[in-house]
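Read off the chains here:
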There are 2 protein chains.
Amino acid sequence: MNTQQQKPYVIGLDLGGTNSVFGIVDQRGEIKATTAIKTQGYDKVEDYVDACVEALQVIIEQVGGIDTVKAMGIGAPNGNYYTGNIEMAPNLAWAHGTVVPLAKLFSDRLGIPVALTNDANAAAVGEMTYGVARGMKNFIMITLGTGVGSGIVVNGQVLYGCDGFAGELGHVIMRRENGRSCGCGRNGCLEAYCSATGVARTAREFLEKRQDASLLRELDPEKITSLDVSIAASKGDALAKEIYEFTGHMLGEACADFAAFSSPEAFIFFGGMAKAGDLIMDPIKKSYDEHVLPIFRGKAQFLVSSLDGASAAVLGASAIGWEI
Amino acid sequence: MNTQQQKPYVIGLDLGGTNSVFGIVDQRGEIKATTAIKTQGYDKVEDYVDACVEALQVIIEQVGGIDTVKAMGIGAPNGNYYTGNIEMAPNLAWAHGTVVPLAKLFSDRLGIPVALTNDANAAAVGEMTYGVARGMKNFIMITLGTGVGSGIVVNGQVLYGCDGFAGELGHVIMRRENGRSCGCGRNGCLEAYCSATGVARTAREFLEKRQDASLLRELDPEKITSLDVSIAASKGDALAKEIYEFTGHMLGEACADFAAFSSPEAFIFFGGMAKAGDLIMDPIKKSYDEHVLPIFRGKAQFLVSSLDGASAAVLGASAIGWEI
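Residues numbered from 1 in each chain as written. Chains lettered and ligands numbered in written order. Predicted model: local features only at pLDDT ≥ 70, side-chain atom pairs only at ≥ 80, totals over all residues. Heavy atoms only, no water.

### Thoughts on the sheet that holds strand β1 (residues 9-15) of chain A
Residues and elements named next belong to chain A. Our working definition: At least two bridges found by DSSP between two strands is the condition for calling them paired. Under the DSSP-based scheme used, a helix requires at least four consecutive residues in state H or I and a strand at least two consecutive residues in state E, with every element numbered from the N terminus. Here, axes are lines fitted to C-alpha atoms. For helices the fit covers the stretch in contact, and angles between N-to-C directions go from 0 to 180 degrees. Here a residue-residue contact requires only that any non-hydrogen atoms of the pair lie within 4.5 Å.
Spatially, five strands are ordered β3-β2-β1-β4-β8 in an open sheet, and the strand pairing comes out mixed. This sheet does not close on itself; its edge strands, each paired only once, are β3 (31-38) and β8 (114-117). The sheet shows a mean angle of 15° between the axes of neighbouring strands, taken without regard to direction. Across the sheet, helix α2 (residues 45-62) is in contact with β1, β2 (19-25), β3 and β4 (69-75); its angle to β3 comes to roughly 155°. With respect to the sheet, helix α3 (residues 102-110) is in contact with β1, β4 and β8, its orientation differing from that of β8 by roughly 155°.

See below:
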């Protein structure tokens, strides 16, 4: 047995705004052990890392100790692959307004190589390592969650750009006039329309502007979620279906522009919204075919992530560990 | 001397709709010999290649024979790097509606490796080999000519995508409502506004809509060119300046979206319009800063190609030869 074979596992950390979920994963994408802690409640990053390592020790022992672990991968908001830092993440108390060398902190504590990237890039690598993108060299991962994220793979490598932050496709401008305000401080971004919160916003707009009956009218408009829209649509509610058509139409328009950029062999959708299946995928495909430059027509597949939603983020993060 | 050192030259072919210009180029980008033939007037591609090779023999002898030539690079409309084919080029009689294996035809005749790509990608490689992009790993070349072309470089490599046709940034949609019709059959493309013909179109629109005096009113509106606008603007004509501001503003908006994609260290502009200098570059930079996602602000340089316009296309094509 060589050293490589003696280290059959990588650790994945899905660092979310609420929870930090760990998994120890083998090369086939099987999660051998898992644990989690709360992400918040720490003023200093060192305290957060201490708590993480304490929880990790338990599951590391379960798989045979740290000598069985090749590396660790972290998927985190504003994670920079080049530096291993989390930069100015607005939602993390211990990283707010500062630069946190998280990869180095974990590497120093665990004695293994640690790499870090943002969650959408981690999802792309996860899909390439364990999911529907196995064998693909050029694809675009689009994560439809609270926001819209993206991971762009070119020639088998994640596109990081000059600074590590390339692939912010949620913030391309889709409506240059009277565009919706976006959390980034600008107007008209894809994310303002096609994230889960964007869909809820579309629902409120449709309900206000129109008079037709809808199951959604039974709900408090301020509390409507994209899941409510999905449930109503699956019951045949016409207005709810139109909300998904509107959303999918814009995603198809956006993907048509993305094709002019990197001509991917596939667009892969991930996240809560992607679970709506044909409800969202059919309008995306229809709109893409209508809008894409003829030379690219029919070349890209439209796929939904094959990774289990609950573990996909951890798998994605862990996959970064194999690439070190 | 090893074999590599015995072959100090590459051939570049800039294959345009009117002329086919050849240059034999050394590693520093010096053109040692040059010649040209008309591109049209051949029904069959074999006849075109025969005429090319006949003209080439003369300059190949001038530099010491074919044994001094490492390879040949071709920059051509609809050129596909992966296949070496020209695919369905609408402006070439001998390639119209068909697929022409041009790289193979030249390679068979000359006995050297031949690579082919489209003109904008060739310009990007030329800039990376001989021009302002030397040492850069991530940049976007934007060619402002009759159309708007682009060559995207990621990790030091041209982005070709799954099919060889990635990087058609002239055809991202900038105006989704009431967008100008584009030669590609769709509406609102960047090219419909920011190409030389787009600028002439803007001039006609401005002259029609407005009443203020302008040097451009002395010209036949149907015959106005982007050069006329540039000359008027350089004389201080307010309306002409506004046309460039409008054009630059849109290019800046577009580049802001491109940054969200590949976060380049530079945008490099090439072509007749780029020669307008500050007249076009200042509004591009101003608009970019206004529109780009804060995380990318101040990271990208805005540069004009440093290659001599007359020889840049040949140099770009030749540079592809070094990459084989």
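### Some details on the interface of chain A and chain B
Spelled out, the test is: By convention, the term buried area covers the 1.4 Å-probe accessible surface removed from two parts as they join, with the contributions of both added. Only one rule defines a salt bridge in this text: a Lys or Arg side-chain nitrogen within 4 Å of an Asp or Glu carboxyl oxygen. Pairs of N or O atoms within 3.5 Å make up the polar contacts considered here, provided that, within protein, one atom can donate a hydrogen while the other can accept it, and that residues adjacent in sequence are counted only when both atoms are side-chain atoms. When residues are grouped by polarity, Ala, Val, Leu, Ile, Met, Phe, Trp, Tyr, Cys and Pro land in nonpolar, Asp, Glu, Lys and Arg in charged, and all others, Gly among them, in polar.
On the chain B side, the residues contacting the 40 residues of chain A number 40 residues. Carbon and sulfur atoms make up 58% of the area that chain A and chain B hide from each other, which totals about 3400 Å². Between chain A and chain B we count six salt bridges in total. Where arginine 176 of chain B meets glutamate 253 of chain A, a salt bridge forms, and the shortest distance between an N and an O atom there is 3.4 Å. Here chain A is connected to chain B by 24 residue pairs in polar contact (both at pLDDT 80 or more). Broken down by secondary-structure element, the contributors of at least two residues to the side of chain A that touches chain B are β10 (148-154) and α8 (238-262) of chain A. It is α8 of chain A that contributes the most residues to the side of chain A that touches chain B, six residues altogether. Here the side of chain A that touches chain B is composed, by residue class, of 22 nonpolar, nine polar and nine charged.

### Quick word on helix α4 (residues 119-130) of chain B
Residues and elements named next belong to chain B. Using the following cut-off: Expected span of a helix: the number of residues minus one, times 1.5 Å. The cut-offs for exposure are 20% and 50% of the maximum accessible area for each residue type, with area from a 1.4 Å probe on protein chains only; residues under the lower value are buried, those over the upper are exposed, and the others partly exposed.
Given a rise of 1.5 Å per residue, 12 residues ought to cover 16 Å, and the 16 Å separating the end C-alpha atoms of α4 matches this to within 8%. For α4, a buried count of 10 out of 12 residues is recorded, marking the element as mostly surrounded by other parts of the structure. Among all positions in α4, only Ala120, Asn121, Ala122, Ala123, Ala124, Val125, Gly126, Glu127, Met128 and Tyr130 are buried. One side-chain oxygen of the residue at the start of α4 lies 3.0 Å from the amide nitrogen of alanine 120, identifying that residue as asparagine 118.

### Some details on the pattern of salt bridges
In this structure the tally under the stated criterion is 26 salt bridges over all chains. In this structure, glutamate 30 of chain B and arginine 28 of chain B form a salt bridge, with 3.5 Å as the shortest nitrogen-oxygen distance. Note on arginine 28 of chain B: relative accessible area 68%, which makes it exposed. Of the charged contacts, one joins lysine 104 of chain B and aspartate 108 of chain B as a salt bridge, the two residues approaching to 2.8 Å between their closest N and O atoms. Taken together, the positions of lysine 104 of chain B and aspartate 108 of chain B, both in helix α3 (residues 102-110) and four residues apart, correspond to about one turn of that helix. Connected through salt bridges with shared partners, the residues Asp26, Arg28, Glu30 and Lys32 of chain A form a single ionic network.

### Points about unusual backbone geometry
Backbone geometry places serine 263 of chain A, a non-glycine residue, at a positive phi of 40°. A positive phi angle is found at asparagine 178 of chain B, which is not glycine, with a value near 55°. One can find asparagine 178 of chain B in the loop between β11 (157-158) and α5 (191-194).

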